[in-house]
Amino acid sequence: MASEMNDKNDKRGRLENSISKAGNMSGQNQNNPSPGRRKVLKALAGLPVVGLLGLQVLRKTNYDNKHSLQRQLVDELGLSDLMSSVKPVTASEGETLRIGIAGFGVRGGQLAASLGFMEKSEFDKKSAAGSLDAHISQGNLNVAITGICDVFDLHAERGIAVAQHDIFTGGEIAKKHPVKRYMTFHDMLADKNIDAVIISTPDHHHAWMTTDAAKAGKHIYTEKAIIRREEEIEPLYKAVKSSNKVFQAGHQYPQNSVFQQAKEILDRGMLGDVSHLETTTNRNSEEGAWIRHLDSNGKPKPGDKKSIDWKQWLGNSSYVPFSTQRYYSWARYFDYDTGLYGQLFSHEYDAMNQLLGIGIPDTVVATGGQYYYTDFGDIPDVLHTNFEFPDKGYTLTYSANLTSSKFRPRSIYGKDAWMAVGGDLTVTPDGRSEKYGDMIKRGLVNPSAPMIEIKRGALTASAVDAVSSASTRYYEDRGLVSTNIGGRIWDVNHLHLKEWIDCIRNGGTPSANIEKAYEVGVTIAMADISYREKCRTKWDPVQRKIIRL
Amino acid sequence: MVSINNQKWQTGILVALRFLIGWHLLYEGLFKLLHPDWSSLGFLAESKWILSGFAEWIISNSSVLNIVDALNTWGLIAIGLGLILSLFTRIAAFAGTGLLLLYYLMNPPFIGMGHAIPLEGNYLIVNKTLIEAVAMLLFAIFPAAHCYGLDSLINKRKKN
């Protein structure tokens, strides 16, 4: 055995020696020039290989350029200037704007973060995890949160702590401002040191707060949905219209660069005649279904009759004894919300309205039911609603499901192509399209694959941050969280607040203005009535009233 | 009849293998250089097994990701050129083996590690990346692999 090994080692040694010599020996018996020159030539043997590779790379690049389907497609569809439809983000300059926030729950905290304010502990934690790049690099809006109004002591205290933390956006540390807690919203409105209010309370307070804030001469940012009942919309509309203040509803999708490109594609008529607008919601978690009164250990979240001003929280809704379930899971109760319509459909409808200017539907019919989460509130888990626009020649559908998380994109169907538009955008030609028939025949486009595809470009991992809950994922997919403008990730909510603030400073009308908000509000009321009262609803544009059919 | 022990053939095949692997790595590097949109993000996001945490860290930080992309691109170009020209062949071979083993470990074809990126073949534990990584070690240990290359001149000078 040992001798065998030695034998092998010997052989290997001889082989290596002989191979190493081979280089020197090879070619020596040729009639080549001097051995020294030959060695140099041999040493340079790799150069022609590199040259050959270089030549092939050039050939391939030329070939790809000439035969690039993508380039031909961009030329034929005239898409080369599509990126220029995205507005660059400009700096926001002006006097410090003093903002009061009403309702400092989950959403209030998110909006404060989008303004540049974050709780110190949260800031430090995220900063250490390296996930604050996008937050820090967003511009300094030069605002101060100077007032907090919340009926829950814990939330109000958290709001004050957040407001007192220095702004770190734009690389600057802002001046400290005093922060005041107001026990009622009217106290906040009465304070002349508040220039603008953000309303992020449960939905049953949105309408009266917005109306009263407009009357008090404050600029207003109201979270969706701006109303819960039809009778709230006209007084709100009139109050906002007759004030000379800037109103923005919390429908932030138009700030997404993908939205701006989608609008450009639609304006160019690339889909052909549009017949169907499809909006959807699919979520499959208790959190996504707004069952949020328990913490991760299954214990009730904090809050009791002592720390929560329950009477003020109930507002005009009918009296019920204090309930943690109602306090945290209010979106499941028609007493405080319109459920899926107010929480999620409002974004969907606003997106379609901003893209196509659909206005208010002629008629609406809704069906569905509460079949799964039967122990919580009264909103449906499955909901299907049709909105007719006979003058425009299309139907909008909203199909929602709280027990399936299959992703269904927001879609627009045309005679020549269909578009999926959310965080990403695709446009796929229709196999029977006349407009693209020739291109399909030539193999330039294919009905089974998108001919235009715009990825959000944002690094999903950092955009969603470390916290990627089911509903965050949902919002990201629908383009409501982050976007890529000029190669940078932007927080869509930051841009939406910025648009509002820029209009306050420089004049102009924000995208989710009172006209658009009115249209979404009426449409939600039509759908809500149709579902709850089991009837078709019709809009009377002259009387500005909803008719039950 | 050519004997398989023929030294010329042994050298020739080693050198040919060096050219081929060098070509492959150099083109991978050049491709990335010529396509500025390219990023290792997709590959890293799919990372499984022991390096997945490392991959996540890279992609969670855009400046780190940019550095990794640049290192990868220029690393491949340098290794590819090193192998084809046989310039600092041993360093190039070890670096190449290291880099390819890193690719391998990022997404090893182990049982139960499903792959989201479509593959052109079927692999179990061993894949082409691993084979190429190990094959490159030949150039580090066989001096004959340095024939037809600039190292032979450098070595010659050193000897003189």
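These figures come from a predicted structure and were not determined experimentally.

Caption draft 1: Summary view of the overall build of chain A. Along the backbone of chain A there are 20 helices and 18 strands. Within chain A, the fraction of its 549 residues that count as buried is 54%. Taking all contacts inside chain A whose residues are at least 6 apart in sequence as the whole, residues at least 24 apart take part in 70%. With the model as given, the accessible surface of chain A reaches about 25,100 Å², and the carbon-plus-sulfur share is 52%.

Caption draft 2: View of the overall build of chain B. Looking only at helices and strands, chain B features seven helices and zero strands. The N-to-C order of helical and strand elements in chain B reads α-α-α-α-α-α-α. Looking at chain B residue by residue over its 160 residues, the buried ones come to 39%. For chain B, the exposed area adds up to about 9,000 Å²; of that, 70% sits on carbon and sulfur atoms.

Caption draft 3: How the structure looks around the sheet that holds strand S1 (residues 97-102) of chain A. Residue and element names in this part refer to chain A. Reading across the sheet, the six strands line up as S3-S2-S1-S4-S5-S6 and stay open at both edges, with parallel pairing between neighbours. Bordering the open sheet on either side are strand S3 (180-182) and strand S6 (247-249), each of which pairs with just one other strand. Between one strand axis and the next, the sheet turns through 20 degrees on average, direction left out of account. Where S1 and strand S4 (residues 196-199) come together, four bridges link them in parallel fashion.

Caption draft 4: View of the sheet that holds strand S7 (residues 274-282) of chain A. All names here are of chain A. Spatial ordering of the open sheet is given by S14-S13-S12-S11-S7-S10-S9-S8-S17-S18, a layout of ten strands whose pairing is mixed. This sheet does not close on itself; its edge strands, each paired only once, are strand S14 (452-454) and strand S18 (545-548). Taken pair by pair, the neighbouring strands of this sheet meet at an average axis angle of 15 degrees, ignoring direction. Together, S7, strand S8 (363-369), strand S9 (382-389), strand S10 (394-401), strand S11 (411-414) and strand S12 (417-421) form the strand contacts of helix H15 (residues 340-356), whose direction differs from that of S10 by roughly 150 degrees. On top of the sheet, helix H20 (residues 514-533) reaches S8, S9, strand S17 (537-540) and S18; it is set at about 50 degrees to S8, its chief contact.

Caption draft 5: Geometry of the pairing of S10 of chain A. Residue and element names in this part refer to chain A. When you tally the buried positions in S10, you get eight out of eight residues, the bulk of the element. Going residue by residue along S10, you find Tyr394, Leu396, Tyr398 and Ala400 tucked away on one face and Thr395, Thr397, Ser399 and Asn401 tucked away on the opposite face as well. Across seven bridges, the pairing between S7 and S10 is parallel. Its bridge partner lying in S10, histidine 276 is registered against threonine 395. With eight bridges joining them, S9 and S10 adopt antiparallel strand pairing. By the bridge assignment, phenylalanine 387 is partnered in S10 with leucine 396. Hairpin geometry of S9 and S10 is characterised by an intervening segment of four residues between the two adjacent antiparallel strands and by a positive phi of about 80 degrees at glycine 393.

Caption draft 6: Layout of helix H1 (residues 7-34) of chain B. Residues and elements named next belong to chain B. When the terminal C-alpha atoms of H1 are compared, their 40 Å separation across 28 residues agrees well with the 40 Å that a helix rising 1.5 Å per residue should span. Of the positions making up H1, those classed as buried are Gln10, Thr11, Leu14, Val15, Arg18, Phe19, Ile21, Gly22, Leu25, Leu26, Gly29 and Lys32. Sitting at the amino-terminal end of H1 is asparagine 6, which places a side-chain oxygen 2.7 Å from the backbone nitrogen of lysine 8.

Caption draft 7: Representation of the packing of helix H3 (residues 46-67) of chain A against helix H4 (residues 62-85) of chain B. Two elements in contact, H3 of chain A and H4 of chain B, have axes separated by 8 Å at closest approach and are oriented at 135 degrees. Accordingly, the angle class assigned to the pair H3 of chain A and H4 of chain B is oblique. Where H3 of chain A abuts H4 of chain B, its residues Gly46, Leu47, Val49 and Val50 of chain A lie against Leu81, Ile84 and Leu85 of chain B. In terms of residue class, the contact of H3 of chain A with H4 of chain B is made up of six nonpolar, one polar and no charged.

Caption draft 8: Main features of the environment of threonine 537 of chain A. Residue and element names in this part refer to chain A. For threonine 537, the position within the fold is in strand S17. Apart from residues no more than four positions distant in its own chain, threonine 537 is found in contact with Asp362, Thr363, Val364, Met526, Ile529, Ser530, Ile546 and Ile547. Engagement of the side chain of threonine 537 in a polar contact is seen with the backbone oxygen of methionine 526, the distance being 3.0 Å.

Caption draft 9: Looking closely at the nonpolar core. Residue and element names in this part refer to chain A. Ranked by internal contacts, the top residues of the largest apolar core, which has 111 residues, are Phe185, Ile412, Met419, Leu425 and Ile452. In terms of residue count, H20 provides more of this core than any other element does, eleven residues in total. Taken domain by domain, the makeup of this core includes at least three residues from each of domain 1 (97-253) and domain 2 (254-292 + 329-488 + 514-548). Ignoring any residue separated from it by four or fewer positions in sequence, one finds isoleucine 412 in contact with Leu266, Leu271, Val274, His276, Leu277, Met352, Leu355, Leu356, Ala417, Trp418, Met419 and Val421. Counting residues in each nonpolar core, the second largest holds 26 residues, with Leu111, Ile145, Ile198 and Val246 among its members.

Criteria and thresholds
Residues numbered from 1 in each chain as written. Chains lettered and ligands numbered in written order. Predicted model: local features only at pLDDT ≥ 70, side-chain atom pairs only at ≥ 80, totals over all residues. Heavy atoms only, no water. Helix = DSSP H or I, 4+ residues; strand = E, 2+ residues; numbered from the N terminus. Buried < 20%, exposed > 50% of the residue type's maximum accessible area, 1.4 Å probe, protein only. Contact = heavy atoms within 4.5 Å. Areas by Shrake-Rupley, 256 points an atom, 1.4 Å probe, with all protein chains shown as cover. Pairing = 2+ DSSP bridges. Axes fitted to C-alpha atoms, helices over the stretch in contact; angles between N-to-C directions. Expected span 1.5 Å × (residues − 1). Polar contact = N/O pair within 3.5 Å; in protein donor to acceptor, adjacent residues only side chain to side chain. Parallel < 35°, antiparallel > 145°, perpendicular 65-115°, else oblique. Nonpolar A, V, L, I, M, F, W, Y, C, P; charged D, E, K, R; others polar. Core = buried A, V, L, I, M, F, W, Y, C linked by side-chain atoms within 4.5 Å. Domains from an automatic or database assignment.

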